[in-house]
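Next come the chains, spelled out residue by residue.
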Amino acid sequence: MTAPAEQARLTLNTGATIPQVGLGVFKIDDDAECERVVLDALELGYRHIDTAMIYRNEAAVGRALAKSGIPREELFVTTKVWNSDQGATETPAALATSLELLGLDYVDLYLIHWPAPTRGRYVETWLALEELAAKGLSKAIGVSNFEPEHLEAILEAGNVVPAINQVELHPAFQQRTVRAFGEQRGILTEAWGPLGQGKYELAELPGLNELAQKHGKTIQQIVLRWHIQEGVIVFPKSVRKERLAENLAVFDFALDAEDMAVMEAMDSGKRVGTHPDDGNW
Ligand SMILES: NC(=O)c1ccc[n+]([C@@H]2O[C@H](COP(=O)([O-])OP(=O)(O)OC[C@H]3O[C@@H](n4cnc5c(N)ncnc54)[C@H](OP(=O)(O)O)[C@@H]3O)[C@@H](O)[C@H]2O)c1
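Residues numbered from 1 in each chain as written. Predicted model: local features only at pLDDT ≥ 70, side-chain atom pairs only at ≥ 80, totals over all residues. Heavy atoms only, no water.

Between the first and last C-alpha of helix α4 (residues 122–134) there are 18 Å, a value that for 13 residues agrees with the 18 Å anticipated at 1.5 Å per step. Taken together, the buried positions of α4 are Tyr122, Thr125, Trp126, Ala128, Leu129, Glu130 and Leu132. The inward-facing, buried residues of α4 contact β5 (76–81), α3 (90–102), β6 (107–112), β7 (138–144) and α5 (148–157). Among the residues trailing α4, Gly136 stands out with phi positive, at a value near 80°. (Helix = DSSP H or I, 4+ residues; strand = E, 2+ residues; numbered from the N terminus. Expected span 1.5 Å × (residues − 1). Buried < 20%, exposed > 50% of the residue type's maximum accessible area, 1.4 Å probe, protein only. Contact = heavy atoms within 4.5 Å.)

A complete count under the given rule lists 17 salt bridges for this structure. With its nearest N and O atoms 2.6 Å apart, the salt bridge here joins Asp50 to Lys80. Taken together, the residues Asp50 in strand β4 (residues 48–50) and Lys80 in strand β5 connect sequence positions 30 residues apart. The burial state of Asp50 is the same as that of Lys80; both residues are buried. Across the pair Arg121 and Glu90 runs a salt bridge, and its minimum N-O distance is 3.2 Å. Separated by 31 residues along the polypeptide, Arg121 in the loop between β6 and α4 and Glu90 in helix α3 bring together distant segments of the chain. Owing to a relative accessible area of 26%, Glu90 belongs among the partly exposed residues under this scheme. Overlapping salt bridges, with partners in common, bring together Asp31, Glu35, Arg63 and Lys67 in one network. (Salt bridge = Lys/Arg side-chain N within 4 Å of Asp/Glu carboxyl O.)

Moving on to the environment of Gly45. Mapped onto the elements, Gly45 comes out in the loop between α1 (31–44) and β4. For Gly45, a relative accessible area of 2% puts it in the buried group. Separated by 79 residues in the primary sequence, Gly45 and Glu124 have C-alpha atoms spaced 37 Å apart.

With respect to the helices, strands and loops of the structure, Gln166 is situated in strand β8 (residues 164–168). Along the primary structure Gln166 and Glu100 are separated by 66 residues, whereas in three dimensions their C-alpha atoms are 24 Å apart. Gln166 has contacts with Asp50, Lys80, Leu111, Val143, Ser144, Asn145, Glu190, Trp192 and Phe235, leaving out every residue within four places of it along the chain. At 2.9 Å, the side chain of Gln166 and the side chain of Glu190 are in polar contact. (Polar contact = N/O pair within 3.5 Å; in protein donor to acceptor, adjacent residues only side chain to side chain.)

Bringing the sheet that holds strand β10 (residues 233–234) into the picture now. If you trace the eight strands from one edge of the open sheet to the other, you get β3-β4-β5-β6-β7-β8-β9-β10, paired in parallel fashion. The open sheet has two edge strands with one neighbour each: β3 (23–24) and β10. Bridge count between strand β9 (residues 188–192) and β10: two bridges; the pairing is parallel. Of the residues in β10, the one forming a bridge with Ala191 is Val234. Against the sheet, α3 makes contact with β5 and β6, and its axis sits at roughly 140° relative to β6, the strand it touches most. (Pairing = 2+ DSSP bridges. Axes fitted to C-alpha atoms, helices over the stretch in contact; angles between N-to-C directions.)

We now examine a positive patch on the surface. A grouping of Lys27, Lys199, Lys237, Arg240 and Arg243 is seen on the molecular surface, where their side chains present a positively charged patch. Mapped onto the secondary structure, Lys199 falls in the loop between β9 and α7 (208–215). (Patch = residues over 30% accessible without salt bridge, like charges linked within 9 Å, V, L, I, M, F, W, Y side chains within 5 Å. Areas by Shrake-Rupley, 256 points an atom, 1.4 Å probe, with all protein chains shown as cover. Lys, Arg positive; Asp, Glu negative; His and termini not counted. Charge placed at Lys NZ, Arg CZ, Asp CG, Glu CD.)

In structure tokens, the structure reads:
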């Protein structure tokens with residue numbers, strides 16, 4: 001088990017810190033299972049949970065957080081406003097509902113889940129997030145699935161620079177442009193689908209098996225370690241306790257420059273998910 005103190009943390013542009021490895025709970029739909037998985041993760045040393053209104057499991061996450069007895073200040077909890085809740089009045093109401101379901105007074109990070117550009121409301125929603133942060137209902141605010149053009153629009157209209165942009169990011173889709181845009185502006189990148197969501201065979205990526213053998217780690221651990229060394233925040237999802245442990249055990253080895261070059265060469269620019277301009281559900 002990796003004790004929380006041994007895990008890396010990154011500093012957000014708010015000054016707060018975020019554990020670089022967390023647990024994502026997308027598609028853990030069953031209430032009891034979600035509660036069990038979050039409790040398993042917390043027991044293993046995870047302190048960072050990434051959920052969203054649309055995952056419909058905030059109540060289960062909240063129950064696990066409460067049952068764990070872990071002091072609130074040791075936890076980092078993220079949730080996200082769904083597309084249909086975007087807007088000056090809708091978004092504050094959505095966060096109030098999320099907080100009630102989570103059983104929390106505040107979240108550590110509140111994200112606009114998708115820009116949903118055809119709805120035309122993400123700038124207005126960003127301004128609402130700024131007010132929610134000013135009220136202390138979210139310690140930090142950010143966005144998800146934002147391309148540079150969407151970021152430009154909120155930077156232009158708003159007063160707060162997003163702390164985070166959470167985007168699809170894995171070896172076959174490395175998001176160099178979006179990451180460079182964020183780096184220049186103090187926006188940290190979070191990877192969703194850090195393992196490619198299981199939608200392609202990691203083992204078929206050239207050189208990955210060899211890196212796993214070289215370091216005596218699994219291919220998933222190599223991929224997660226690469227994310228960490230790239231300064232990216234990850235929250236791989238697993239319902240299996242042994243995999244939760246495996247995904248956290250990535251702080252006792254390092255990839256060298258040659259290994260990192262092998263990882264970099266895996267970028268084929270192929271998404272496994274939706275393009276942000278098309279995520280208008
Ligand atoms: N902002 C967004 O639009 C957005 C979109 C998607 C996801 N997310 C967030 O990102 C989180 C992570 O992404 P994701 O869940 O989509 O995909 P992911 O973490 O890349 O992959 C999850 C898949 O990998 C398997 N897995 C996990 N650890 C493994 C290991 N050590 N060895 C082998 N297989 C392993 C899981 O299976 P088992 O569960 O069976 O172990 C599951 O099938 C989500 O949970 C969510 O919080 C955000």
